Amino acid sequence: MTNKLHIYNTLTRQKEQFQPIDENDIRIYSCGPTVYSDPHLGNLRYFFFCGLLGDVLRMIYGSEHVTQVMNITDVGHLTDDGDAGEDKMEKWARREGVSAWDIAKKYEDNFKRYIEQLHIHFDKLPKATDHIEEQIAIVKMLEEKWYTYEIDQDGIYMNTSKIADYGKLMWPNYAKHIEGLQAGARVDVEGKKNATDFALWKFSPEWQQRQMEWESPRWKGFPGWHIECNAMSRKYLGDHFDIHTGGVDHIPVHHSDEIAQAECSYAEDKPWVNYWMHAQFLNIGGEKVAKSAGDDLSLPAIIAKWYTPEDLRYFFLQAHYRSFQDFSWEALAAAKKGRQKLQIISPGDEVELLEQFREDLLDDLNTPALLAKLHKFGVPKWLDDTIRKLGIGQDKIEEIIIPEEIKALAEKRWEAKQAKDYAMADELRDELKAAGREMREGKDNYSVVPLEK
Ligand code: AMP
Ligand code: ZN
């Protein structure tokens, strides 16, 4: 039994005991949405994971000692995730016939509404466009340290061949991996010295006025996609912080590039971040849920079919965040049923039970194991915010007050069992049954739940 948080760290490829930089100031940064459309269920699964991680850290260290930032990408994310392609904001703005700024605002507001409905909380949700100066400052540092070069009429690029440990999130043997990457990658931008080089600052094209662009010391333009996360994490969490999260798709490019930018400028005393956590995809029919799923796989679509945000939370809890999870409407229906079977249990002195629940969360957020226990013992509504914040039983919470005499019966039965007086224990079980209750027992503890019909 462990009472310390252990998490799987992508950087070291193992489960480690979490050691914060400062126990009174735990800092997490989570890469957030690109706000050119509504989040699909895959995105929501990832946001749910981030929220759960924050809740668990708040449970352990106290909310006043935890700061979790999720950024909002409202500029610079190109359609191919690389350095060619078109800015997603501008492309979708044209499609919807409104400005890029309007698109960003609309989907930022929607995003905030959805996470609120899903009981997901972040302390700060800063936007890339509000932090242009901070991004330019980091580009400048990289220029001064000779890590950059300019491609005419295109932008300022990071020269990854100057970084001995570039790509270290990808083990084993990152040097080899880079060779493979170099050989396999198409060079998406002419003039790149290495396939893994990436844009820090893109110039506005001379022939076309961009909607989102800023003056810079070099050339009017807009930031590369990765630098915003350095700028915002640095501003709100400092040069170093504890945990950085993202989806697994961020490991090879986005996060490798964030690390390169930080460790070549303001965080030369490595590592920049101690723990990297990556969430696996939500699939449908064996394929990653993607934007092309359209509005069919969104929170409003789920609610339209009479599922609640709590049902969706329950569904997500069924899979560990590092495993693939398959979505289907049947699976969601089964999750809804499973949730309905959960019983809320009332105040008692089953503190040990809580320890058992916590133990699963502390073990790299082992939510499937936790759900199994919640089914066995019931969901306690008392004592602990985190169990309550799992949010899966919120709409049921009012229903239970267990009378003192029932509690007394249960206690007597527990004692009879400890004393191996089984005749007495059976008698008391029948009494409890007559009162519409049953006892669920573990090795060292028990709970009392309403009798299943
Ligand atoms: P985006 O808004 O496209 O930048 O994505 C926001 C987050 O959602 C990223 O961290 C992605 O890794 C994550 N994500 C995208 N697709 C999926 C999926 N099918 N399942 C789980 N997470 C996803
Ligand atoms: Zn990021």
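Residues numbered from 1 in each chain as written. Chains lettered and ligands numbered in written order. Predicted model: local features only at pLDDT ≥ 70, side-chain atom pairs only at ≥ 80, totals over all residues. Heavy atoms only, no water.

Participant: Hey, could you go over the site of ligand 1 for me, with residue numbers and the actual values?
Facilitator: Near ligand 1, the surroundings consist of 16 residues, among which T34, N43, D249, L282 and V289 are the closest. Here an oxygen atom of ligand 1 sits 3.0 Å away from a polar atom, N or O, in the main chain of T34. Between ligand 1 and G42, the relevant distance is 3.1 Å, taken from a nitrogen atom to a main-chain nitrogen or oxygen of the residue. Summarising the interface, the protein chains cover 91% of the accessible area of ligand 1, which totals 490 Å² for the free molecule. The element that contributes the greatest number of residues to the shell around ligand 1 is helix α1 (residues 41-61), accounting for three residues. (Near = heavy atom within 4 Å. Polar contact = N/O pair within 3.5 Å; in protein donor to acceptor, adjacent residues only side chain to side chain. Areas by Shrake-Rupley, 256 points an atom, 1.4 Å probe, with all protein chains shown as cover. Helix = DSSP H or I, 4+ residues; strand = E, 2+ residues; numbered from the N terminus.)

Participant: Please give an account of the coordination of the zinc ion (ligand 2) that cites residues and values.
Facilitator: Coordination of the zinc ion (ligand 2) by the protein involves C31 (SG), C229 (SG), H254 (NE2) and E258 (OE), with metal-donor separations of 2.1 to 2.2 Å. Around the zinc ion (ligand 2) sit four donor atoms; with metal-centred angles ranging over 79 to 127°, the donor geometry is irregular. Along the chain, the residues donating to the zinc ion (ligand 2) are arranged with the sequence spacing C-x197-C-x24-H-x3-E. Separated by four residues within a single helix, H254 and E258 lie in helix α7 (residues 251-263), roughly one turn from each other. As far as the burial class goes, H254 and E258 line up, both buried. (Donors = N, O, S within 2.8 Å, 3.2 Å for Na, K, Ca; no water. Tetrahedral: all angles 85-135°; square planar, octahedral: opposite > 155°, others 65-115°. Buried < 20%, exposed > 50% of the residue type's maximum accessible area, 1.4 Å probe, protein only.)

Participant: Residue-level account of the packing of helix α6 (residues 227-237) against α7, with values.
Facilitator: Viewed as axis vectors pointing N to C, α6 and α7 meet at an angle of 55°, and their least axial separation amounts to 8 Å. The orientation of α6 with respect to α7, classified from their angle, is oblique. At the point where α6 passes α7, the crossing takes the right-handed sense. Contact residues: α6 offers I227, C229 and N230, while α7 offers H254, E258, Q261 and A262. (Axes fitted to C-alpha atoms, helices over the stretch in contact; angles between N-to-C directions. Parallel < 35°, antiparallel > 145°, perpendicular 65-115°, else oblique. Left-handed = near helix turned anticlockwise from the far one by under 90°. Contact = heavy atoms within 4.5 Å.)

Participant: How would you explain the pattern of salt bridges if you had to name every residue and give the values?
Facilitator: Applying the stated criterion across every chain, the model contains 28 salt bridges. What you see here is one network of salt bridges that share partners, running through D165, K168, E263 and K270. (Salt bridge = Lys/Arg side-chain N within 4 Å of Asp/Glu carboxyl O.)

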